[in-house]
Amino acid sequence: MTIFKRINGFWLSMVLAIVFFIVVQLLISRGILNSFYINTLFYMAINIILAVSLHLIIGITGQFSIGHAGFLAVGAYASAVMTMKLQMPFSLALLAGGVTAAVAGLLIGIPTLRLKGDYLAIATLGFGEIVRIILLNVDYVGGASGMTVTHLTTWPWVFACMLIAIIVIANFTNSTHGRACISIREDEIAADSMGINTTYYKVTAFVIGSFFAGIAGGLYAHNFYIIQPTNFGFLKSFDILIFVVLGGLGSMSGAVIAAILLTVVSTFLQEYPETRMIIYSIVLILVMLYRPKGLLGTQELTSFFRLRKAVEGGKQNDNKHTVA
Amino acid sequence: MLKVDSIDVFYGNIQALKGVSLEINEGEIVTFIGANGAGKSTLLKTISGLLKPKNGDILYEGQSIAGKAAQMIVKQGISHVPEGRRIFANMTVEENLELGAFLRKDKNEIQKDFEKVYHLFPRLHERRKQLAGTLSGGEQQMLAIGRALMARPRLLLLDEPSMGLAPLLVKTIFRIIEEINSSGTTILLVEQNANMALSVADRAYVIESGRVVLSGSAEELNASEQVKMAYLGGH
């Protein structure tokens, strides 16, 4: 019965997603949405991909990585090189962006995922900065002045990538592998002594997360006409981190909602980037004060609609969300 | 069944185990008693693959398992109930138990083991849909033991199962340990509660700052003046 319900819920949300897609597509093709709104919408979807991909690493597997903009940059530049230098089609470029970022994730993940908490955070932050500095000094991709990229990102591409990212990560989370990742977040030593290959699962989650960050990078590059290393500084990493933390560590729908919310806020404050960061900080401080678990805590949006027979509540471990 | 041959284990520069040897025969309950920091938990972690010995060897059924990855050791039938329970607090009791059987693929047999664990711990059955973090200390200990049993171990390593439990619960836990043993699982029990440990064990070792200082049958050690003075509080 529960499986039947879950499948039902899955198809219901798929139908809703497709209806939403068609409505927006119609609005765009009829010219009702102006380019400002379209752009915001694209940006929102890209941010959702980034948020769910980092959610897999931090929220599910509990590995505090703050170099996600590094993978975004790798994906962006790899796909831009594919289309602009090698004249490849956009689909191939997106895939190449994802794969290159995944390979980077693998290379970075294997040595750094031995580290825990704060140490891992510093190492991944270092990785993000290294990527930025390398891009800054490679003339082939334009150095500091960046690369001009044709606008190829369209609503169907953005939407399809976002949907695939969400479905893949949601399914991964609900699989045995996802369970293993959650057990690592909950207690790594216990997971180890259950016979779970913790290194393998941490690296797997890291690689999947960086793959989708790379895809997001491809979409990002082909949406903004120009990419520069400065777009991928550590503030960008923090933007993504904020989606995940604000939404509630461990909640994918929370990450999605936070990504939507903050994209709207930041888009309307785009002319004042300094104020934007102050507002970000204030929002974060307020949420952490009044909802320390994030917007949704570890819950998913769907669980609010489901009748729960199980008795929950009672005393919970207050420390469970302090990852670092 | 298990033979530990003079292993040395280090944490960085600090040597935690100094040439520790022991032997466990099939079907036994063997206990390791000693004070805080004597190296009891280190020993269990080394056997279950969480730590690697620098020197010496560990033989399980005649094969060396020293330094092997933890998941290989679990697969071969050694399950470790870590100190301080370490249950997965944000998962339900059922999900915790499922993770105990993580490496197994035999669905029917896993189902049987679920029933076995629930039979052994009826409390866990009552609370199977509840988040493990909301259980009481005793129930969490039961869950930790149940979770380890889900791997269907032939050798169960128990690290201080009585820690932080009320005396009545300690008795229950030890009764269950005997029950698990009588159904054919060999047990290596590490304890500070020497009294209880010696009452269920067949043989015992006393460990002091990384060295085995005494060993013998549980009765012998129970009668020994040295043990009485140091661990049983008698004069």
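Residues numbered from 1 in each chain as written. Chains lettered and ligands numbered in written order. Predicted model: local features only at pLDDT ≥ 70, side-chain atom pairs only at ≥ 80, totals over all residues. Heavy atoms only, no water.

An unreviewed UniProt entry annotates chain B as Amino acid/amide ABC transporter ATP-binding protein 2 (HAAT family) of Thermolongibacillus altinsuensis. Per UniProt, the comment on chain B under Sequence similarities (unreviewed entry) is "Belongs to the ABC transporter superfamily." (UniProt positions renumbered as here; feature names shortened; annotations may be inferred.)

Chain A is annotated in an unreviewed UniProt entry as Amino acid/amide ABC transporter membrane protein 2 (HAAT family) of Thermolongibacillus altinsuensis. Under the heading Subcellular location (unreviewed entry), UniProt records this for chain A: "Cell membrane".

Draft legend 1. Seen up close, the environment of Gly-84 of chain B. Residues and elements named next belong to chain B. By the secondary structure assignment, Gly-84 is in the loop between strand 6 (78-81) and helix 3 (93-100). Gly-84 sits in the partly exposed class, given a relative accessible area of 36%. Distance from Gly-84 to Glu-160, taken between C-alpha atoms, is 7.7 Å for residues 76 residues apart in sequence. (Helix = DSSP H or I, 4+ residues; strand = E, 2+ residues; numbered from the N terminus. Buried < 20%, exposed > 50% of the residue type's maximum accessible area, 1.4 Å probe, protein only.)

Draft legend 2. Main features of the packing of aromatic side chains. For the coordinates displayed, the defined rule picks out 21 aromatic pairs over all chains. For the pair Phe-20 of chain A and Trp-155 of chain A, a centre-to-centre distance of 6.2 Å together with 70° between the ring planes defines the contact as edge-to-face. Of this pair, Phe-20 of chain A sits in helix 1 (residues 2-29) while Trp-155 of chain A sits in helix 6 (residues 155-174); the two residues are 135 residues apart in sequence, bridging distant segments of the chain. Considering the side-chain rings of Phe-21 of chain A and Phe-159 of chain A, the 5.2 Å spacing of their centres and the 35° angle between planes classify their relative orientation as tilted. Note that Phe-21 of chain A is positioned in helix 1 and Phe-159 of chain A in helix 6, a separation of 138 residues in sequence. On the basis of relative accessibility, which here comes to 6%, the residue Phe-159 of chain A falls in the buried class. Taken together, the aromatic side chains of Phe-20, Phe-21, Phe-42, Trp-155 and Phe-159 of chain A make up a single cluster linked through ring pairs. Above the ring of Phe-10 of chain B, the side-chain terminus of Lys-54 of chain B is found at 4.7 Å from the ring centroid. (Phe/Tyr/Trp six-rings, centres within 6.5 Å; stacked < 30°, edge-to-face > 60°. Lys NZ or Arg CZ within 6 Å of the ring centre and 35° of its normal.)

Draft legend 3. Examining unusual backbone geometry more closely. Residue and element names in this part refer to chain B. Even without being a glycine, Arg-85 presents a positive backbone phi close to 70°. Looking at the element boundaries, Arg-85 is found in the loop between strand 6 and helix 3. Given the relative accessible area of 15%, Arg-85 is considered buried.

Draft legend 4. How the structure looks around the side chain of Thr-186 of chain B. Residues and elements named next belong to chain B. Of note, Thr-186 is situated in strand 8 (residues 186-191). A residue is classified by how much of its surface remains accessible, and Thr-186, at 0% relative accessible area, is buried. Among residues more than four places away in sequence, those in contact with Thr-186 are Met-1, Ile-24, Asn-25, Glu-26, Gly-27, Glu-28, Arg-154, Leu-155, Leu-156 and Asn-181. (Contact = heavy atoms within 4.5 Å.)

Draft legend 5. Structural view of a nonpolar patch on the surface. Taken together, the side chains of Leu-86, Met-88, Leu-92, Ile-130, Ile-134, Val-138 and Tyr-140 of chain A present a nonpolar region at the surface, about 620 Å² in accessible area. Mapped onto the secondary structure, Ile-134 of chain A falls in helix 5 (residues 117-137). (Patch = residues over 30% accessible without salt bridge, like charges linked within 9 Å, V, L, I, M, F, W, Y side chains within 5 Å. Areas by Shrake-Rupley, 256 points an atom, 1.4 Å probe, with all protein chains shown as cover. Salt bridge = Lys/Arg side-chain N within 4 Å of Asp/Glu carboxyl O.)

Draft legend 6. Quick peek at the interface of chain A and chain B. Contacts between chain A and chain B engage 24 residues on the former and 23 residues on the latter. With both chains or domains summed, chain A and chain B bury close to 2,200 Å², and 62% of this area falls on carbon and sulfur atoms. The interface formed by chain A and chain B contains 3 salt bridges. Between Arg-179 of chain A and Glu-95 of chain B there is a salt bridge, and its shortest N-O distance comes to 3.7 Å. Counting across the interface, chain A meets chain B through 4 residue pairs in polar contact (both at pLDDT 80 or more). Elements with a minimum of two residues in the side of chain A that touches chain B: helix 7 (176-186) and helix 8 (188-193) of chain A. Element by element, the count of residues in the side of chain A that touches chain B is highest for helix 7 of chain A, at 7 residues. In terms of residue class, the side of chain A that touches chain B is built from 10 nonpolar, 7 polar and 7 charged. (Buried area = accessible area lost by both parts, 1.4 Å probe. Polar contact = N/O pair within 3.5 Å; in protein donor to acceptor, adjacent residues only side chain to side chain. Nonpolar A, V, L, I, M, F, W, Y, C, P; charged D, E, K, R; others polar.)

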